[in-house]
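Spelled out from the first residue to the last, the chains are:
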Amino acid sequence: MDLDEVRGWIDDARRIVALTGAGISTDSGIPDFRGPQGVWTKNPRAEKLSNIHHYLSDPEVRKASWQSRLNSPAWNASPNPGHLALVALERRGKLHALITQNIDELHQLAGNSPERVIEVHGTMRKFMCWGCGMRGPMQKVLERVRAGEPDPKCRDCGGILKSDTISFGQQLVPEVIDRAMQAAGEADLFIAVGTSLQVYPVAGAFDIARGAGAKTVIVNAEPTPYDAVADAVLSSSISEVLPAIARGRESASRSLQ
Ligand SMILES: [Zn+2]
């Protein structure tokens, strides 16, 4: 596929909706859970830690989870050129919405407006109380873990605290999914980046965008179930391809002169 052609689609688009998955953050040093080098592929026990039923019923699982949060590579991660390319799209006035399956907030750290980012799996940078629903900055709870509380409880209600993310076995937030699907239906160009497009209902955003007439582009290292119907499939490095297509045809040709 000619990158220049996709660049032209982006130039012509007015309401781009991007859907991002773990693949966009691997170049920032955050491992993909399901990929060949993924956390769950290499250590199936890690999946148990992210199951809500185990988490709520077993203090040992919670203690291990807090240690794992404390040591997450995400705390030291910086946005990479793939994230910055999506910021460039927003600055060009083209980004209608950014739906992400990631919980690392690297899109917001890169400079995308928080109100454009739809976090379908929540964020690891906040905590939430399973008892009273209170939310706050995750670092405040991590400080308590560092200070020696292995399984800190809510200071208001004594409830179990957890990262404000969707664990396995936990319901997605219907309002957030509705917002994502509505945005997908308003897209004139839909770009799926670093996602296997296998996790529903989020992957269904692709069908909704395509059904509403959007052009569709997939940027992912591995094949996805939608490759055959996408208008373009780009399988090289996200942090190289995304900047190359996002900067626009005119500036791309200027930089070659
Ligand atoms: Zn509480």
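Everything that follows concerns the structure shown earlier in this document.
Every value quoted in this text rests on a predicted model; they were computed, and no experiment measured them.

> Hey, could you go over the overall build of the protein for me, with residue numbers and the actual values?
Broken down by element type, the protein carries 12 helices and 9 strands. Here the C-alpha radius of gyration of the protein, 19 Å, is about what a compact globule of 257 residues would show, namely 18 Å. Across its three principal axes, the protein shows a C-alpha extent of roughly 60 × 35 × 30 Å. Counting across all 257 residues of the protein, residues that qualify as buried make up 50%. When contacts within the protein are restricted to residue pairs at least 6 apart in sequence, those whose partners lie at least 24 apart make up 66%. Surface exposure of the protein reaches about 12300 Å², of which carbon and sulfur atoms provide 50%.

> Requested: an account of the sheet that holds strand β5 (residues 135-137), with residues and values cited.
As summarised here, the arrangement of the 3 strands in space is β5-β4-β6, forming an open sheet in which the pairing is antiparallel. Whereas interior strands pair on both sides, the edge strands pair on one side only; in this sheet they are β5 and β6 (161-165). Across the sheet, the axes of successive neighbouring strands diverge by a mean angle of 45 degrees, strand direction being ignored.

> Tell me about the coordination of the zinc ion, and please be specific about residues and values.
Surrounding the zinc ion are the protein donor atoms C129 (SG), C132 (SG), C154 (SG) and C157 (SG), at 2.3 to 2.4 Å. Each donor residue of the zinc ion belongs to the same chain, with the gaps between them written as C-x2-C-x21-C-x2-C. In this pair, C132 is assigned in the loop between β4 (122-129) and β5 and C154 in the loop between α8 (138-146) and β6, connecting sequence segments 22 residues apart.

> Which residues make up the packing of aromatic side chains, and what values go with them?
Aromatic rings in a pair are described by how distant their centres are and how their planes are angled relative to each other. Overall, the coordinates contain 2 aromatic pairs when judged by the stated rule. Aromatic side chains F190 and F206 sit 5.9 Å apart centroid to centroid with 85 degrees between the ring planes, which places their arrangement in the edge-to-face category. With F190 in strand β7 (residues 189-193) and F206 in helix α10 (residues 204-211), this residue pair connects regions lying 16 residues apart in the sequence. Considered together, F190 and F206 belong to a single accessibility category, that of buried residues.

> With reference to specific residues and values, describe the layout of surface pockets.
Computed from the structure, the second largest pocket encloses a volume of approximately 320 Å³. If you go around the second largest pocket, you meet 17 residues; those closest to its centre are E119, G122, D164, V173 and V176. Of all the elements in the fold, those that place two or more residues in the lining of the second largest pocket are β3 (117-119), β4, β6 and α9 (174-185). Looking at the lining of the second largest pocket element by element, the count peaks at 4 residues for β4. Each residue belonging to the lining of the second largest pocket can be placed in one class, and the counts come to 7 nonpolar, 5 polar and 5 charged.

> Which residues make up the pairing of β7, and what values do they have?
Summarising burial for β7: 5 of the 5 residues are buried, a large majority. Side chains of β7 alternate between two faces, with L189, I191 and V193 and F190 and A192 buried alike. Strand direction decides the pairing type here: strand β1 (residues 16-20) and β7, joined by 5 bridges, are parallel. Residue A18 lies in a different strand from β7, and its bridge partner there is I191. Relative to strand β8 (residues 215-219), β7 runs parallel, the two sharing 5 bridges. Looking across to β8, one finds that L189 is bridged to K215.

> Requested: an account of the side chain of T195, with residues and values cited.
Mapped onto the secondary structure, T195 falls in the loop between β7 and α10. Within polar-contact distance, the side chain of T195 engages the side chain of Q101 at 2.8 Å.

> Provide a residue-level description of helix α11 (residues 238-246), including the pertinent values.
Here α11 lies mainly inside the structure; 7 of its 9 residues are buried. Looking at the buried positions of α11, the neighbouring elements they touch are α1 (3-12), α6 (81-91), β7, β8 and β9 (232-234).

> Lay out unusual backbone geometry with the relevant residues and their values.
Between Y200 and P201 the backbone carries a cis peptide bond, its omega angle lying at 10 degrees. Structurally, the position occupied by P201 is in the loop between β7 and α10. Even without glycine at this site, E105 takes up a positive phi of about 60 degrees.

> An account of helix α5 (residues 59-70) is requested, with residue identities and associated values reported.
What sets the pattern is the α-helix's 3.6 residues per turn: residues three or four places apart point alike. Its 12 residues place the ends of α5 16 Å apart at the C-alpha level, agreeing with the 16 Å of an ideal helix rising 1.5 Å per residue. Sitting at the head of α5, D58 places a side-chain oxygen 2.8 Å from the backbone nitrogen of E60.

> Residue-level account of the pattern of salt bridges, with values.
Scanning the model with the defined rule gives 9 salt bridges in all. When the shortest N-O distance is used, the salt bridge between D164 and R135 registers 2.7 Å. Pair noted here: D164 is in strand β6 and R135 is in strand β5, with a separation of 29 residues, a long-range link. Accessibility expressed as a relative area gives 47% for R135, which makes it partly exposed.

Analysis parameters
Residues numbered from 1 in each chain as written. Predicted model: local features only at pLDDT ≥ 70, side-chain atom pairs only at ≥ 80, totals over all residues. Heavy atoms only, no water. Helix = DSSP H or I, 4+ residues; strand = E, 2+ residues; numbered from the N terminus. Rg over C-alpha atoms; globule rule 2.2 N^0.38 Å. Buried < 20%, exposed > 50% of the residue type's maximum accessible area, 1.4 Å probe, protein only. Contact = heavy atoms within 4.5 Å. Areas by Shrake-Rupley, 256 points an atom, 1.4 Å probe, with all protein chains shown as cover. Pairing = 2+ DSSP bridges. Axes fitted to C-alpha atoms, helices over the stretch in contact; angles between N-to-C directions. Donors = N, O, S within 2.8 Å, 3.2 Å for Na, K, Ca; no water. Phe/Tyr/Trp six-rings, centres within 6.5 Å; stacked < 30°, edge-to-face > 60°. 1 Å grid on protein atoms, 1.4 Å probe; cavity = no way out; pocket = protein on both sides within 12 Å on 5 of 7 lines; lining within 4 Å. Points joined across faces, edges and corners; volume = space filled by probe spheres on them. Nonpolar A, V, L, I, M, F, W, Y, C, P; charged D, E, K, R; others polar. Polar contact = N/O pair within 3.5 Å; in protein donor to acceptor, adjacent residues only side chain to side chain. Expected span 1.5 Å × (residues − 1). Salt bridge = Lys/Arg side-chain N within 4 Å of Asp/Glu carboxyl O.

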